[in-house]
Amino acid sequence: MTRILAFANQKGGVGKTTSAINVAASLGAMGKQVLLVDLDPQGNATSGVGVDKEKADLSSYELLLEDKSCAEVAQKTPFAGLWCIPATIQLAGAELSLASLSGRESILKKKLAAEKRFDYIILDCPPSLGLLTLNGLCAAGELIVPMQCEYFALEGLSQLMVTVNLVKKMYNPALELTGVILTMYDGRLNLSLAVAAELRRYFPGRVFRTTVPRNVRLSEAPSHGKPACYYDKNSKGAVAYAEIAAEIEKRGR
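Cut-off values and rules
- Residues numbered from 1 in each chain as written.
- Predicted model: local features only at pLDDT ≥ 70, side-chain atom pairs only at ≥ 80, totals over all residues.
- Heavy atoms only, no water.
- Helix = DSSP H or I, 4+ residues; strand = E, 2+ residues; numbered from the N terminus.
- Polar contact = N/O pair within 3.5 Å; in protein donor to acceptor, adjacent residues only side chain to side chain.
- Contact = heavy atoms within 4.5 Å.
- Phe/Tyr/Trp six-rings, centres within 6.5 Å; stacked < 30°, edge-to-face > 60°.
- Buried < 20%, exposed > 50% of the residue type's maximum accessible area, 1.4 Å probe, protein only.
- Expected span 1.5 Å × (residues − 1).
- Patch = residues over 30% accessible without salt bridge, like charges linked within 9 Å, V, L, I, M, F, W, Y side chains within 5 Å.
- Areas by Shrake-Rupley, 256 points an atom, 1.4 Å probe, with all protein chains shown as cover.
- Salt bridge = Lys/Arg side-chain N within 4 Å of Asp/Glu carboxyl O.
- Pairing = 2+ DSSP bridges.

A. Just the side chain of threonine 210, in detail. Mapped onto the fold, threonine 210 is located in the loop between helix H9 (190-202) and helix H10 (216-220). Here the side chain of threonine 210 touches glutamate 243 through a polar contact of 3.2 Å, side chain to side chain. Sequence-distant contacts of threonine 210, defined by excluding residues within four places in its chain, comprise Ala240, Glu243, Ile244 and Glu247.

See below:
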């Protein structure tokens, strides 16, 4: 059975796309078949897995707003088991186009329902709570929230969970929080320790045991169009995401 995971956080700069890319690639390296769906008009997840968004004829825009299937839009990446539905700048206008459609919140869900060949579908949602993110939350069975260990990130998480609870109530009762990924973590800082402790108190058993440290190699990898495990598999960032992928697989079982 395909597991659909939405990576979402309306606060930008928290490592959401980095997490989506590296979890997807790590699951692929574990022998899973993985589809990474880029729902962010910035297209960073697309370029981060080596797909040239400038040359993409079909994208998530066509998937959402035209009569195109996942099979038609998905591209194979250079990495084991990993496919990508790219995002282009055209997606920036999708919110307006979706707004006038009936059943606009569940278009992605209907498109993904027919896709059975993947073990995982990873949705990289934009850093906002608009119709693109709503489509991601309605299509997913699981939510993963990457967040930075800062006070404002805690505030943002509380706002996100209000939205998630509304989505569960109105559109997708199956949606559950699988976990929170602590990114840019520095165990030497009291603030990181305090935020992590607060999260574990508020979401018992839902915060991933592995934290993602600040890591130069992890930051460099996207500029080479590679996930960290293919850029430098021994870097701290790559090892952390491999462990998180293993934990996601274990939680699914």
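Picking up after the structure, the text goes on.
B. Just the packing of aromatic side chains, in detail. For the structure on display, the rule yields 3 aromatic pairs. Relative to tyrosine 230, the ring of phenylalanine 79 has its centre 4.7 Å away and its plane inclined at 40°; by these criteria the two rings are tilted. Highlighted residues: phenylalanine 79 in the loop between strand S3 (75-76) and strand S4 (82-85) and tyrosine 230 in helix H11 (residues 228-231), separated in sequence by 151 residues. Residue tyrosine 230 is classed as partly exposed on the basis of its relative accessible area, which comes to 31%.

C. Spatial organisation of helix H1 (residues 16-29). End to end, H1 covers 20 Å across 14 residues, agreeing with the expected 20 Å (1.5 Å per residue, within 8%). In terms of burial, H1 is largely enclosed, as 12 of its 14 residues are buried. All of the buried residues in H1 are Lys16, Thr17, Ser19, Ala20, Ile21, Asn22, Val23, Ala24, Ala25, Ser26, Leu27 and Gly28. Positive backbone phi, at 100°, marks glycine 31, one or two positions downstream of H1.

D. Broad picture of a nonpolar patch on the surface. A cluster of nonpolar side chains, Val162, Leu166, Met170 and Tyr171, forms an exposed patch at the surface whose accessible area comes to about 390 Å². The residue methionine 170 is located in helix H8 (residues 151-170) in this model. With a relative accessible area of 55%, methionine 170 lands in the exposed category.

E. Local environment of the pattern of salt bridges. Overall, the coordinates contain 11 salt bridges when judged by the stated rule. In this structure, glutamate 198 and arginine 201 form a salt bridge, with 2.7 Å as the shortest nitrogen-oxygen distance. Linking glutamate 198 with arginine 201, this pair stays in helix H9, spanning 3 residues, or about one helical turn. Between arginine 209 and glutamate 247 there is a salt bridge, with its nearest N and O atoms 3.7 Å apart. Placement of the pair is arginine 209 in the loop between H9 and H10 and glutamate 247 in helix H12 (residues 236-252), with a sequence separation of 38 residues. Judged by relative accessible area, glutamate 247 falls into the buried class, the value being 5%.

F. Region of the structure containing the pairing of strand S5 (residues 120-124). Of all 5 residues that make up S5, 5 are buried, and the element is covered over most of its length. Burial along S5 is two-sided: the face carrying Tyr120, Ile122 and Asp124 and the face carrying Ile121 and Leu123 are both buried. Sheet topology places strand S2 (residues 34-38) next to S5; 5 bridges connect them, and they run parallel. Looking across to S5, one finds that valine 37 is bridged to leucine 123.

G. Main features of the environment of leucine 134. Residue position: leucine 134 is located in helix H7 (residues 131-139). A sequence separation of 100 residues divides leucine 134 from valine 34, and the C-alpha atoms of the two residues are 22 Å apart. Setting aside residues up to four positions removed in sequence, leucine 134 forms contacts with Glu105, Val167 and Tyr171.

H. Up close: the side chain of threonine 88. Inspection of the secondary structure assignment puts threonine 88 in the loop between S4 and helix H5 (94-99). What makes threonine 88 buried here is its relative accessible area of 10%. Those residues within four positions of threonine 88 in sequence are excluded, and the remaining contacts are Pro41, Lys53, Ala56 and Ser59.

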